[in-house]
Amino acid sequence: MKDNATVNQDLASAVESRPAQSLEQAFYHKVQSQKEELEVAARQNCADIFFEFKTCTQSHFMFSTGSRCNKLRKDHEYCVLRQQSLLKGLGYNGRLSKTEKMDIMDRADALFLAEEHRERDQNPTERLSDFGS
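Here is a short report on the structure shown in this document. (Residues numbered from 1 in each chain as written. Predicted model: local features only at pLDDT ≥ 70, side-chain atom pairs only at ≥ 80, totals over all residues. Heavy atoms only, no water.)

With that out of the way, let us pick up the overall build of the chain. The secondary structure content of the chain amounts to five helices and zero strands. Helices and strands appear in the chain in the N-to-C order α-α-α-α-α. Taken across its 133 residues, the chain has 29% of its residues classed as buried. Excluding contacts between residues fewer than 6 apart, the proportion of contacts in the chain whose partners are at least 24 apart in sequence is 50%. As displayed, the chain offers around 9000 Å² of accessible surface, 54% of which is attributable to carbon and sulfur atoms. (Helix = DSSP H or I, 4+ residues; strand = E, 2+ residues; numbered from the N terminus. Buried < 20%, exposed > 50% of the residue type's maximum accessible area, 1.4 Å probe, protein only. Contact = heavy atoms within 4.5 Å. Areas by Shrake-Rupley, 256 points an atom, 1.4 Å probe, with all protein chains shown as cover.)

Here is the structure:
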């Protein structure tokens, strides 16, 4: 993990490579790209729910299975938000190696599944649609 001096040096070199950009703009760009990377990782961890949702919407009439497809859409949205929170809490960021990122993604996914199993056991009627069974 980089220390503050190294991060500041990285930002300064980013500004030098784009002279028209201020340090504030370089920082904003860096923060935005880290948020995007976090969202991509969260969506990767939720790909199975998204696939199930897309399959539902493509293979059925929305009005006949709308409530099921709508539930899957909501499940996916919840999954992405929860995964982002877990990934951030576990220290996922753009400065990690690919192996470290994958390890954190695996841990976040395991935590999410454990939470879902716990919730399913406590609340069998309020659960994600057959997710993680």
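A side chain with one charge may pair with a side chain of the opposite charge, provided their charged atoms come close. Summed over all chains, the structure comprises six salt bridges. Between Glu 37 and Lys 101 there is a salt bridge, and its shortest N-O distance comes to 2.5 Å. With Glu 37 in helix 2 (residues 23–45) and Lys 101 in helix 5 (residues 98–122), this pair connects stretches of sequence that are 64 residues apart. With a closest N to O distance of 2.8 Å, Arg 73 and Glu 77 form a salt bridge. Here Arg 73 and its partner Glu 77 are both found in helix 4 (residues 62–89), four residues apart, which amounts to about one turn of the helix. The partly exposed category is assigned to Glu 77, whose relative accessible area is 41%. (Salt bridge = Lys/Arg side-chain N within 4 Å of Asp/Glu carboxyl O.)

Over its 25 residues, helix 5 runs 36 Å from end to end, which matches the ideal 36 Å to within 8%, given 1.5 Å per residue. When we look at burial in helix 5, the residues that qualify are Lys 101, Ile 104, Met 105, Ala 108, Phe 112, Glu 115, Glu 116 and Arg 120. (Expected span 1.5 Å × (residues − 1).)

By secondary structure assignment, the location of Gly 89 is in helix 4. Judged by its relative accessible area of 66%, Gly 89 falls in the exposed class. Distance in space between the C-alpha atoms of Gly 89 and Ala 108 is 9.0 Å, their sequence separation being 19 residues.

The next subject is the state of the cysteines. If you walk through the whole model with that rule in mind, you get two disulfides. Linked covalently through their sulfurs, Cys 46 and Cys 79 form a disulfide whose S-S length is 2.0 Å. Here Cys 46 and Cys 79 share a disulfide; its torsion about the S-S bond, -90 degrees, makes the bridge left-handed. Residue Cys 46 is located in the loop between helix 2 and helix 3 (47–59), and its partner Cys 79 is located in helix 4; the two are separated by 33 residues in the primary sequence. For the pair Cys 46 and Cys 79, a shared accessibility class is recorded, and that class is buried. Each disulfide pairs two cysteine sulfurs, and for Cys 56 the partner residue is Cys 69, the sulfurs being separated by 1.8 Å. Its S-S torsion of about -90 degrees marks the bond between Cys 56 and Cys 69 as left-handed, since a negative value means left-handed. Residue Cys 56 is found in helix 3, and its partner Cys 69 is found in helix 4; the two are separated by 13 residues along the sequence. (Disulfide = S-S within 2.5 Å.)

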